Amino acid sequence: MKRITVIIPFLNEESVLEKLYERLILLADDCSTYRFDFLFVNDGSNDQSLAIVLGLRKKDDRVTLLELSRNYGKEIAMLAGFDHAKGDAVVVIDSDLQQPPELIKEMIIWWEKGYEDVYAVRKERKGEHFFKKWTSACYYKILQKASKTNIYPNAGDFRLLDRKAVEALKMIREYERYTKGLYGWIGFKKKELYYDADERAGGTTKWRFSSLFNLAMNGVTSYTTLPLKITTVIGGIVSFAAFIYMLIVLVQTLLLGADVSGYPSLMIGILFLGGLQLISLGIIGEYLGRVFNETKKRPLYFIDTYYDTQSSETAKLS
Ligand code: UDP
Ligand code: MG
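Residues numbered from 1 in each chain as written. Chains lettered and ligands numbered in written order. Predicted model: local features only at pLDDT ≥ 70, side-chain atom pairs only at ≥ 80, totals over all residues.

A. Structural context of the overall build of the protein chain. A tally of helices and strands in the protein chain yields 10 helices and 9 strands. For 318 residues, the compact-globule formula gives about 20 Å, and the C-alpha radius of gyration of the protein chain, at 25 Å, lies well above that figure. On the principal axes, the C-alpha backbone points of the protein chain span a range of 95 × 40 × 35 Å. In the protein chain, which comprises 318 residues, the share counted as buried stands at 29%. Long-range contacts, defined as pairs at least 24 residues apart, comprise 83% of the intrachain contacts of the protein chain with a sequence gap of at least 6. (Helix = DSSP H or I, 4+ residues; strand = E, 2+ residues; numbered from the N terminus. Rg over C-alpha atoms; globule rule 2.2 N^0.38 Å. Buried ≥ 20, exposed ≤ 12 C-beta atoms within 10 Å, placed from the backbone. Contact = placed C-beta atoms within 7 Å.)

And the structure:
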């Protein structure tokens, strides 16, 4: 019997976890030729979520739980899931039921046809406001233009991965992860499916603007050095313009004599160039920060407790 592990990273989702579980067991009954296990990854919740999952685990030994030592963010929580998943195929799904678990059945069909990465693309984004949709659309357009790796805009983390793809993802131990780009980077045969995203079944989104901004920054700095090239080009253009201006001023002074006025243009020049320099420094800093974080080679996460399948409650550090 082939085994399928469903990874569910969650952070403070007490209002939806039970509903999700209900839908997942219906799915498992529906695909009874496969052996399912549900790997919940607790990403540092401080509400009743943990108790709920432990409760589910009591009545169903397919439920396993990985408790991280604190909140690491969804990217790392997913990696922890990959590290501990035992299935021949692994599915990642959000806990908030925005993604219909029923689609997993169709994913399995395509997996059996030989696709190693069957990913779900949302057709419509309900319950998200216009600004988020618009910024996200622009961002992916720019990112795709700037990098050589394929990044599939509306494809999230909701996907089925073959063991081969999971092993590949596990080997990439980047500290600042941008998993969306990694799926494209590792390659393998891909198939896309479409679904209508629902609104959250309860609770609120865990993304703050700052974390989205960080993720967006990671996306850019992980996959392209274009910003560095752009600063070089801008620097070149500004220097060239300054050189021409210098010649003009020189000729003017020689032919017409010195003229001390010109304070506004001087100020504009200084402020403009000062601004450009600060931006360039910032961009270099972003990349340097990444290098710094990667060179520390810290473990990506620590596990508090791992509640494995054979109800052997082993605490171990990773
Ligand atoms: N999540 C997590 N750690 C975090 C943030 C989010 O494990 O630091 C989980 C969250 O519980 C949910 C999934 O990641 O299961 C997607 O989060 P959310 O629904 O808030 O994001 P959105 O759908 O709004 O993009
Ligand atoms: Mg969501």
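B. Quick peek at the UniProt feature "transmembrane region" (unreviewed entry) in the protein chain. Feature annotation in UniProt assigns "transmembrane region" (unreviewed entry) to the following positions: residues 233–255 and 267–288. For residues 233–255, helix accounts for 100% and strand for 0%, while the C-alpha atoms at its two ends are 33 Å apart. What you have in residues 267–288 is 100% helix and 0% strand, and the ends, taken at the C-alpha atoms, are 31 Å apart. (UniProt positions renumbered as here; feature names shortened; annotations may be inferred.)

C. Fine view of the nonpolar core. Ranked by size, the top nonpolar core spans 60 residues in total, and within it Ile 7, Ile 8, Val 41 and Val 91 carry the most contacts. With residues near it in sequence (within four places) discarded, Ile 8 still touches Leu 20, Phe 38, Leu 39, Phe 40, Val 41, Ile 93 and Ser 95. (Core = buried A, V, L, I, M, F, W, Y, C linked by C-beta atoms within 7 Å.)

D. Region of the structure containing the environment of Tyr 195. By the element assignment, Tyr 195 lies in strand β7 (residues 190–197). Sequence-wise, Tyr 195 and Arg 122 are 73 residues apart; in three dimensions their C-alpha atoms are separated by 5.0 Å. Every residue in contact with Tyr 195, bar those within four places of it in the chain, is listed here: Gln 99, Pro 100, Leu 103, Ala 120, Arg 122 and Lys 123.

E. The environment of Thr 309, seen in detail. Mapped onto the elements, Thr 309 comes out in the loop between β8 (303–307) and β9 (313–314). Sequence spacing of Thr 309 and Gly 262 is 47 residues, and the spatial spacing of their C-alpha atoms is 77 Å. Beyond its immediate stretch of four places on either side in the chain, Thr 309 contacts Asp 37, Asp 61 and Thr 64.

F. Geometry of the site of ligand 1. Every one of the 16 residues lining ligand 1 counts as a neighbour, but Pro 9, Asp 43, Ser 95, Thr 205 and Lys 206 are closest to it. Put simply, the parts of the chain that give the shell around ligand 1 at least two residues each are β1 (2–10) and α3 (74–84). Its residues assigned to classes, the shell around ligand 1 shows 5 nonpolar, 5 polar and 6 charged. (Near = placed C-beta within 6 Å. Nonpolar A, V, L, I, M, F, W, Y, C, P; charged D, E, K, R; others polar.)

G. Inspection of the pairing of β1 at higher detail. β1 sits mainly inside the fold: 7 of its 9 residues count as buried. Relative to strand β2 (residues 34–42), β1 runs parallel, the two sharing 9 bridges. Paired with Thr 5 across the strands is Asp 37, a residue of β2. In this region the chain leaves β1, passes through helix α1 (residues 17–30) and returns to the parallel neighbour β2; the handedness of that crossover is right-handed. (Pairing = 2+ DSSP bridges. Right-handed = clockwise from strand over helix to strand, strands pointing away.)

H. The packing of helix α9 (residues 226–256) against helix α10 (residues 263–295), seen in detail. The contact between α9 and α10 brings their axes to 10 Å, and the two run at 155 degrees. Of the possible angle classes, the one that applies to α9 and α10 is roughly antiparallel. Between α9 and α10 lies a crossing of left-handed hand. Contacts between α9 and α10 involve Pro 227, Leu 228, Thr 231, Ile 234, Gly 235 and Val 238 from the first element and Leu 273, Leu 276, Ser 280, Ile 283 and Tyr 287 from the second. When grouped by side-chain class, the residues that make up the contact of α9 with α10 number 8 nonpolar, 3 polar and no charged. (Axes fitted to C-alpha atoms, helices over the stretch in contact; angles between N-to-C directions. Parallel < 35°, antiparallel > 145°, perpendicular 65-115°, else oblique. Left-handed = near helix turned anticlockwise from the far one by under 90°.)

I. Highlighting the confidence of the model for the protein chain. Overall, the predicted model of the protein chain reaches an average pLDDT of 85, with 95% of residues at or above 70. In the model, residues 311–318 has pLDDT below 50 throughout and makes 15 contacts with residues more than four positions away in sequence or in other chains. Predicted complex, confidence summary: ipTM 0.94, pTM 0.78. (pLDDT = per-residue confidence, 0-100.)

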